[in-house]
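Breakdown of the fold
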Amino acid sequence: MSEATATTSSAAGWLTGAAATSREGWAAPDSRRRLQLILAGIWLLDGVLQLQSFMFTRGFSQMLAGAASGNPAVIAGPVLWSAHLVGQHAVVTNAIFAAVQLLLGLGIAWRPALRLALGASIAWALAVWWLGEGLGGVLTGSASPVNGAPGAVILYALAAVLLWPSRRDRPAPFTAGRSTGPAAARLLWLALWGGLAYLALQPEARSPRGLSRMISGMAAGEPGWLASAGRSMSQQLSGRGLEAAVALAVVLAVIAVGIYLPRPVARTAVTVAIAIAGALWVAQGLGGLLAGSATDPNTGPLLALLALAYWPRRDAEPAAAGPGPGERRPT
Amino acid sequence: MTGPSWLAGALACIMIATSIYCLNRLLISWRRHQPTERDVDAVHVLMGVAMAGMLVPRLQVFWAGGWEVVFGTATAWFAWRAIRGLSRRPDSRQHAHHLQHLIACLAMLYMLLTLTSAGAAATQGVSAAGAMPGGPGRQPTLALAFAVALLGYVIWTADRLTSPATATATVAVAVAGAGAAPTDGGGTGGSRARHHRSGPASAAEYGHRVSGPASAAEPGRFGTSAAPAAQAGPPPLSPRLAACCEIAMGVTMGYMLIMML
C-alpha cells in the first residue's frame, strides 16, 4: 500500500516537479532556464495572438484549410478535416487553442509544471504542424525559409527537446547539448540548417521572381516602416531569384556544418545564424504580428532562440551538480 | 474594444476581482501593519477598474481624461522609483520590478489615449466600434513592444512564483525559533508570531502570506534569501497572490494591446 502511494507520489512528482521545488527552493536561472523562459514567452504571445478577433471567425478555418493545398492527399485529408471541424465550432475550438497555448507558456515558466508543459508542448506542436500548417509546406515544392518553412511550430518542438531539463546533464560545449548530448544536438543542428538550405533551393524559391513575390506578399498590411523594408528587399531580389536562392542555401549550409568546426568558427557560424534569423524575420514581416492575423511570430525568433542554445561556451558546461528547475533530486 | 464580448466580459470580471483583492490587501495591510507594496496595490486597484471599463464600456466609472491624469501620475511615480532604485541599489531584480510597473502604466496611458482618439474620430463620423484597428492615434509597433514587454514580465514573475516556497517555511521557523514578536506590529504582530509558533503546519497554513526576501525595508516581492525578512519585522502580505495579480493583469493588458494592433 505504502509502495503504491510512493509510486503515485513519485509519478505526481515527475509530472509536477512540486516535490523538488518545495524541497529545494528557487535557484537563479542558468543559461538553459533563460532560454526556456524565452520559449515560454513565445508560447504566451501565441496564446494571446490566438485570442484576436479574426481567429474566432470562419476566416481562421479557411486559413487552416489553405495549408492543405499542394500537399499529398494523405497529409491534406486530416488538414481539411480539422479545418472543417474548426469552421463548425469556431468559437469553442479557438478558445481551447488559445487556452492551451497560454497554459503551455505559463506552465513552462512555472517551475513545478516545467516538464509537463514542455512534454505537452512537443505533442501540441507536432499536432499543429500537421493539422494546422500542413507540415510547413515542405512537401509542396513552394516552401522556403523566407516564407516560414519548415513551419514555426515544429521549431517549438525542437526547442523543447533541446531545452529539456534532463535528470542528469551531460557535459557539452553549448546549452542545447546538455540533455541530448553534444553529438545528437549537433546532428539536429545539421538537420535543421541543412534542411533549410535544401528548402531554399525549392523550385518556386529559385524562380526569377519567386523570393521577391514571397517577400512582397508578406509585407502587405504591415505598418509603413516594415512594409517599406519588405518592399525594398523585394525590389532588390526581383529577377535575381536563382542567385539569391543559391547564395542563401550556401550560407545556410555553411551554418549547418559550422557547429562541427573549432569553437571560434562555430561561434561565427552561430552569430551568422542569428543574423540570418533576424533577416528572415524582417522578410517575413515579423510574422505578420502587426497585421492582426498572425498565430505566431513565424520562424525568425525561434531560429534565433535555437541558435542561442548552440552558442559555444568557453568552458564546457559541466554536468549539473543538482537538479535544475522542475527536476527532482535523487533521494 | 473589438473581440468577442464574452471574452471581454470574462476578462473584465477577472480585472474587477483583482481590483477588489488589491483593495483588500491595502485594507488588511493598513489594519494589521503588515508590509506590502501599497503603491503597487493601489495602482492595481485603479488599473483593474480602468481595464474593466475599457473592455466593457458600461463599466466606465471616470470622467473623460480622468484616467489619463491618474496613470500619468502613476507613470511619474514609478519612473521616480525606478530611477531611485537604480541609483541607490543597482540590483537588477529590484530595478526590473519597478520597471515592470512603469511599463504597465505607460501601456495604460497608450491604450487610454488611443481609445480617446478613436472615440473622438467616432464622433466625427469615422467608424466607431471598429475604430481600433487602423484608427487614429494607433501605433501598432509601440503596442506590440508594450505587449511583448508585459508578457515577458508575466513569464519573469511566473518563474519566481516558487521562490517564496522555501523562504516561507524558513521565515516561519525562524520567527518561531526566535520567539520574538515583530517589532512594529503591536498586538496584531504578537498574535501573528503566536500563529507562527505552531511550527511547520502553521507555516504551510500561513504559506502564501510569507516571503523571505520581500521585507519591509525593501519592498521587492521575490528573492532567494529568507533570513533578512525574519529579522526585519512582520512578514509581507501574500506575495504569491500579489504575483498572481500581476500575472492576470499582464496577460489581460497584453491581450488588450494585441487587440489594438
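All of these numbers come straight from a predicted model, not from anything done at the bench.

1. Digging into the pattern of salt bridges
If the charged atoms of two oppositely charged side chains come close together, the side chains can form a pair. Per the counting criterion, the structure on display carries eight salt bridges over all chains. For Asp169 of chain A, the salt bridge goes to Arg32 of chain A, with nearest N and O atoms at 3.0 Å. Here Asp169 of chain A is found in the loop between α8 (152-162) and α9 (177-180), whereas its partner Arg32 of chain A is found in helix α3 (residues 31-49), with 137 residues between them in sequence. Arg32 of chain A matches Asp169 of chain A in its accessibility class, with the two residues each being buried. Residue Arg25 of chain B pairs with Asp41 of chain B through a salt bridge whose shortest N-O separation is 3.1 Å. In this pair, Arg25 of chain B sits in helix α1 (residues 5-32) while Asp41 of chain B sits in helix α2 (residues 38-55), placing the two residues 16 residues apart along the sequence. Its relative accessible area of 3% is what places Arg25 of chain B among the buried residues. When its relative accessible area of 0% is taken as the criterion, Asp41 of chain B is described as buried.

2. Considerations on the packing of aromatic side chains
Where two aromatic rings form a pair, the distance of their centres and the angle of their planes describe that pair. Residues and elements named next belong to chain A. Under the criterion given, the structure shown has eleven aromatic pairs over all chains. Ring geometry for Trp189 and Trp193: centres 5.3 Å apart, planes at 45°, overall tilted. Here Trp189 and its partner Trp193 are both found in helix α10 (residues 182-200), four residues apart, which amounts to about one turn of the helix. Across this residue pair, the class does not change: Trp189 and Trp193 are buried.

3. Remarks on empty space enclosed by the protein
All names here are of chain B. Considering all chains together, one arrives at two cavities of 30 Å³ or more under this definition. In this structure, the largest cavity occupies an estimated 80 Å³ of space. Looking at the lining of the largest cavity, the elements that each hand over two or more residues are α2, α4 (92-123), α5 (140-159) and α10 (239-259). Broken down by element, the lining of the largest cavity gets its largest block of residues, four residues, from α10. Partitioning the lining of the largest cavity into residue classes produces six nonpolar, four polar and one charged.

4. Observations concerning the layout of surface pockets
All names here are of chain A. Volume-wise, the largest pocket comes out at about 1400 Å³. Along the walls of the largest pocket sit 48 residues, with Met63, Ala67, Gly132, Glu133 and Thr295 positioned nearest its centre. Sorting the residues of the lining of the largest pocket by element identifies α3, α4 (58-66), α5 (73-88), α6 (90-109), α7 (114-131), α8 and α11 (210-219) as the ones contributing at least two each. Along the lines of polarity and charge, the residues of the lining of the largest pocket split into 22 nonpolar, 22 polar and four charged.

5. Looking at the environment of Gly47 of chain A
All names here are of chain A. Along the chain, Gly47 turns up in helix α3. In this structure Gly47 comes out as buried when scored by relative accessible area, which is 0%. Setting aside its immediate chain neighbours within four residues, Gly47 contacts Ala98, Gln101 and Leu102.

Cut-offs applied
Residues numbered from 1 in each chain as written. Chains lettered and ligands numbered in written order. Predicted model: local features only at pLDDT ≥ 70, side-chain atom pairs only at ≥ 80, totals over all residues. Heavy atoms only, no water. Salt bridge = Lys/Arg side-chain N within 4 Å of Asp/Glu carboxyl O. Helix = DSSP H or I, 4+ residues; strand = E, 2+ residues; numbered from the N terminus. Buried < 20%, exposed > 50% of the residue type's maximum accessible area, 1.4 Å probe, protein only. Phe/Tyr/Trp six-rings, centres within 6.5 Å; stacked < 30°, edge-to-face > 60°. 1 Å grid on protein atoms, 1.4 Å probe; cavity = no way out; pocket = protein on both sides within 12 Å on 5 of 7 lines; lining within 4 Å. Points joined across faces, edges and corners; volume = space filled by probe spheres on them. Nonpolar A, V, L, I, M, F, W, Y, C, P; charged D, E, K, R; others polar. Contact = heavy atoms within 4.5 Å.

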